[in-house]
Each structure stands twice: as structure tokens, then as C-alpha cells.
Amino acid sequence: GRPPVRHNAQGDAATSARALFALAFLHHQRPFECKQMPCEQRQTTHSTEHAHAHAHARRQCRTPPEGRSRRAPEPKRRRTRPRAATHGGAMKAVVFGAGGAVGRGVVRQLSAAGDAVVAVSRSGKIAALAGLPGVEFAKADCGAADQVAAAAKGAEVIFCCVGLTAYNADVWEAQWPPIVQALLAAAKQNDAGLVFCDNLYMYGPEAKMPLASTDEAFTSYGRKPKLRAQLDRAMLEAHRSGNAKVALVRAPDFFGPAADGHIGSYIVPYLIRGSRMGLMIAKTNNKHSYAYVPDVSTAMIAVARDPSSWGRAWHVPCLPAETTHEILQRMWTKSGNKGKVKYMSFTGLMRRATDPFVRMMREMTEMSYTFNSDYIVASDDFSAKFPDVELPTPMDKAVEDTLTYFKEKTAAKK
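Quick caveat: nothing in here was measured; it's all calculated off a predicted structure. (Residues numbered from 1 in each chain as written. Predicted model: local features only at pLDDT ≥ 70, side-chain atom pairs only at ≥ 80, totals over all residues. Heavy atoms only, no water.)

### Quick look at the overall build of the protein chain
What counts, and what does not: We count a stretch as a helix when DSSP gives it H or I for four or more residues in a row; a strand needs E for two or more, and each element gets its number in order from the N terminus. Each residue's exposure class comes from its accessible area (1.4 Å probe, protein chains only) as a fraction of the maximum for that residue type: buried when under 20%, exposed when over 50%, partly exposed otherwise. Where accessible areas are quoted, they stem from the Shrake-Rupley method and a 1.4 Å probe; at the residue level, only the protein chains shown are allowed to cover.
Counting its regular elements, the protein chain contains 14 helices and 15 strands. When each of the 414 residues of the protein chain is scored for burial, the buried share is 53%. Accessible area for the protein chain stands at about 19500 Å²; split by element, carbon and sulfur atoms hold 52% of it.

As C-alpha cells, this is what we get:
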């Protein structure tokens, strides 16, 4: 039978970094388990509310004076928008992929806002989120429709922050379609919105810069980009045909606390120590849009709270486009190091020479176009739709928070 889905919410790009670094014999990385979670709804009781209710009942039972008639109560107005649409209002949310960087951020922000959260993972336990108010944990395999349906029961909004740990087109083609179908079915069953954390693969190498969220001329290039294009078409069609309510929130490569990837745990800790042993698996001399991980979570929640934004894709507002080298130089300098940043590069001929022998290298070569030239993401429409959502986080703060996280993580291991 089909093996259980293994995934986390740190994104598919992160998995490529782990595998490549292992291939370079510089580190060993254990596979991550899927980290997701149901939520415990808040129950508040106010004695004054009960008193008002009894008083209202007594008034309703009184007989009006002779000659006067009691005015009939006005009919209640039907809610034209689900509770999730109320900005800042409580909603019941189910977060699949809750243990990864984006998923953790979604759970924490929802908990802080007073929402009820169901955080779903393969183990049903996420230590980093333990003790958060309004949060309970559920166990599910995202590729199993019955388990997804059980975990999502009663949801008003379903967040998908899932990423497969295997950076392999065969695995993607086998596992992503049933995951998406299970999530769509759960959204339809609960009349819930599905807010899907997406990447930018569906645009392909032929897309014009800057990438626009309204561009639906999806690619047929390669295997992974073609698959992501097919999945997005299916989700958008499900919404437009009335079979489900869907919104896609897309982000490019990202960095930040708890995030691996091109700028993540395989290079930042070495920059902090002033070591040249950090590894970059992509070209660093072209401008590249990066998102800050907490901003991805914030954008997803903003879209979730406004159903008028559903039925389309949105781009997370990105940090000002710089070259990857410039961002690494910032981190190097802010870590107290002098001179030019030092790191190792595994790109170009060196990487391509391994393609015939190592599948992971072939998988990475398919996506090399995202770093071979400037790769810029436009998000003006998001900023116009959500003017009160202050994104992106300033670059200096994003860098400082990332460095702080990895410094604390490194110190905890000693």
C-alpha cells in the first residue's frame, strides 16, 4: 500500500537543502516527522449574561396593558458571511502542518488572537506549541482522507502548511494529489475555507518578472512545476465551481526562525560563528525575493479572516529584493564578523556533474532557473486588499530575529 505521508511545514525547498548537504558529507540530517494539530474551544461563562437572559424572559412573559399591543420582535438577520470573516473575531481553525515554521506561526498567532485551534501532526504532539491557550492537538496522516476529515470536523477555516520531506518528483506525484483531494473534501464537508500555503513553482521558467499573483498561465515545464500547476488549477476550479472554498497564499524561498532552506540551518549557524563551512546550493549573485517566515503566517491568517479574498491566489509581501549574497553579508556583519562573508557554494558545473549519478541533483537542476537570474515577486494587490496588515517585516528585524533564533538553538545544544 501507499506509505504514510511524511511532511512538515518548513517548505519543500528546505528538504532540498538538507539532502544536498548530506550529499556533500558535511552534515547528517534526520528526516522530520509531519507536525500538525484539534483545538480546544474557549468556554467563558459570565454571570451577568445569565441575569440579563432571565430578565429578558420575564419581560417576554408579561401581559401588555389593555389597549396596547406588544411590538413583535424584529426577525434576526441572517449572517451573510461566516464568522471567519469578522476581522479579529474568533474562529475555529484546523492547521495541518502545524509543526513546521509556517504552521507554528499560524498556530501561535491564532492562539494569541483568542481563536480556537486544532493543530494536526502525525504524532499528535508538538512540544514547541505545548501550553498555548485555545490549542489542542490531533493526530492524522494528511494523505488519508478519513483521518483528515476527522481532524477537520467542525472547522471554519482549514490551513494547509504542509510540505513533503522528500524532494522527489515521484513522491510528489504520488502523495500531493491525495493530500489536496482530502483537504478539499474536508473543506466541503465543513463548509470551511481552505487556505493553502503554496510555492511559486507553477509559474515555470517562462514567467515574466515580477511574478504576478493573477497570472494563471501556469507552466507545463518539468515534473514538479507541472504538478504544482495541476494542483492549483484543481483547487481554483473547486472554488469556482462551488465544490469548496479555497484561497492560495504563495511565498518564494523564505528564511526566519525555525526555517531551513537556502538561508537556514545549514548556513546561518556557520555565519554566526564566522566559519566558512556554511553551504549554499544556489547562485547568490542575482536579485531574489525572499519572504520572512512569520510574514507568511500573518498573510495566511489575514486571508482566512476575509472570505471576500477567497477564490484566488495571493503573494506574501516579500522583503526588498536583494542578492542572496547581500543578505548573507548582512547576517555575517550583524553577527560581529568583519570583512566579506564566507561560505561554500555547490552550484554550476560542480552540481551538474553529479546529475547522472545522484537523483537529488537532477531534482535541483530542474529548479535552478529560480536562481539563475533575477527572481522577483510582486504583491501590491495584497497590500491594497489588506492595508492594515503591516507586511513585510523590515529586513534588519528579520535578519536579527533569525540570528537570535539560531544563536539560542545552538546554545541549547551545548
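Having put the structure on the table, let's press on.
### What about the environment of Arg 312?
Heads up, the rule is: The contact criterion used throughout is that any non-hydrogen atoms of two residues lie within 4.5 Å. Counted as a polar contact is a pair of N or O atoms within 3.5 Å, where, for protein atoms, one must be capable of donating a hydrogen and the other of accepting one, and residues adjacent in sequence contribute only when both atoms are in side chains.
Relative to the assigned elements, Arg 312 resides in the loop between helix H8 (293–304) and strand S13 (313–315). For Arg 312, a relative accessible area of 22% puts it in the partly exposed group. As for Arg 312 and Lys 245, which are separated by 67 residues in sequence, their C-alpha atoms are 10.0 Å apart. Excluding residues that lie within four positions of it along the chain, Arg 312 makes contacts with Ser 213, Thr 214, Leu 236, Val 246, Ala 247, Leu 248 and Asp 381. Among the polar contacts made by the side chain of Arg 312, one reaches the side chain of Ser 213 at a distance of 2.9 Å.

### Things to note about helix H6 (residues 224–240)
Operational definition: Residue count minus one, scaled by 1.5 Å, sets the expected span of a helix.
The terminal C-alpha atoms of H6, which comprises 17 residues, lie 24 Å apart, in line with the 24 Å expected from a rise of 1.5 Å per residue. The first or second residue beyond H6 is Gly 242, which carries a positive phi of 85 degrees.

### What to know about the sheet that holds strand S2 (residues 92–96)
Here is the rule we go by: In short, DSSP must find at least two bridges between two strands for them to pair. Structural elements are reduced to axes, namely lines fitted to C-alpha atoms, with helices fitted over the stretch in contact, and the angle between N-to-C directions of any two is expressed from 0 to 180 degrees.
Read from one edge to the other, the open sheet built from seven strands follows the order S4-S3-S2-S5-S7-S8-S13, with strand pairing classed as parallel. Every other strand in the sheet has two partners, leaving strand S4 (135–139) and S13 as the edge strands with one partner each. The sheet shows a mean angle of 20 degrees between the axes of neighbouring strands, direction not considered. Pairing geometry for S2 and strand S3 (residues 116–121), over five bridges, is parallel. Residue pairing across strands places Lys 92 opposite Ala 116, the latter belonging to S3. With respect to the sheet, helix H5 (residues 169–190) is in contact with S2, strand S5 (157–160), strand S7 (193–198) and strand S8 (245–250), its orientation differing from that of S7 by roughly 155 degrees.

### Some words on the environment of Ala 116
Topologically, Ala 116 is positioned in strand S3. Looking at Ala 116, the relative accessible area reads 4%, which means it is buried. Once the C-alpha coordinates of Ala 116 and Met 91 are considered, the two residues, 25 residues apart in sequence, prove to be 6.2 Å apart.

### What to know about the confidence of the model for the protein chain
What counts here: A residue's pLDDT is the confidence the predictor assigns to it, expressed on a 0 to 100 scale.
A residue-level look at the protein chain finds 79% of positions with pLDDT of 70 or above and a mean pLDDT of 83. Predicted confidence is poor over residues 9–88, with pLDDT under 50, and the contacts of this stretch with residues over four places away or in other chains come to 163 contacts.

### Re the side chain of Asp 295
With respect to the helices, strands and loops of the structure, Asp 295 is situated in helix H8. Setting aside residues up to four positions removed in sequence, Asp 295 forms contacts with Val 316, Pro 317, Leu 391, Pro 392 and Thr 393.

### Comments concerning the packing of aromatic side chains
The condition that has to hold: Only Phe, Tyr and Trp rings are paired, with Trp represented by its six-membered ring, and only when their centres lie within 6.5 Å; those with planes under 30 degrees apart are stacked, over 60 edge-to-face, the remainder tilted. Put simply, a charge is over a ring when the Lys NZ or the Arg CZ is close to the ring centre, within 6 Å, and near the line of the ring normal, within 35 degrees.
Summed over all chains, the structure comprises eleven aromatic pairs. With a centroid separation of 5.6 Å and an interplanar angle of 90 degrees, the aromatic rings of Tyr 221 and Tyr 369 are classed as edge-to-face. Of the two residues, Tyr 221 sits in the loop between S7 and H6 while Tyr 369 sits in helix H12 (residues 369–372), which places them 148 residues apart along the sequence. Tyr 221 gets classed as partly exposed once you look at its relative accessible area, which sits at 30%. What makes Tyr 369 buried here is its relative accessible area of 13%. Clustering of aromatic rings is evident, with ring pairs tying together Tyr 167, Trp 172 and Tyr 201. In this arrangement the basic side chain of Arg 228 is found over the ring face of Trp 176, its NZ or CZ atom lying 4.8 Å from the centre.

### Here we look at the nonpolar core
When a protein is soluble and globular, its nonpolar side chains tend to lie buried together. Short version of the rule: In these notes, a set of buried Ala, Val, Leu, Ile, Met, Phe, Trp, Tyr and Cys residues joined through side-chain atoms within 4.5 Å is what counts as a nonpolar core.
Ranked by size, the top nonpolar core spans 97 residues in total, and within it Phe 96, Ile 158, Phe 159 and Trp 176 carry the most contacts. Tallying contributions element by element places H5 first for this core, with nine residues. Counting 23 residues, the second-largest nonpolar core is a separate cluster that includes Ile 267, Met 280, Ala 282 and Leu 319.

### Here we look at the pattern of salt bridges
Oppositely charged side chains may form a pair once their charged atoms are brought near each other. Here is the rule: For this analysis, a salt bridge means a side-chain nitrogen from Lys or Arg found within 4 Å of a carboxyl oxygen belonging to Asp or Glu.
Taken as a whole and judged by the stated rule, the model has 19 salt bridges. Taking the shortest distance from any N to any O, the salt bridge between Asp 381 and Arg 312 comes out at 2.5 Å. Of this pair, Asp 381 sits in helix H13 (residues 380–385) while Arg 312 sits in the loop between H8 and S13, and the two are 69 residues apart along the sequence. Between Lys 397 and Asp 401 there is a salt bridge; the shortest N-O distance is 3.0 Å. You can see Lys 397 and its partner Asp 401 sitting in helix H14 (residues 395–413), four residues apart, about one turn around the helix. Taken together, the salt bridges that share partners define one network made up of Asp 170, Glu 173, Arg 223, Lys 224, Arg 359, Glu 363 and Glu 366.

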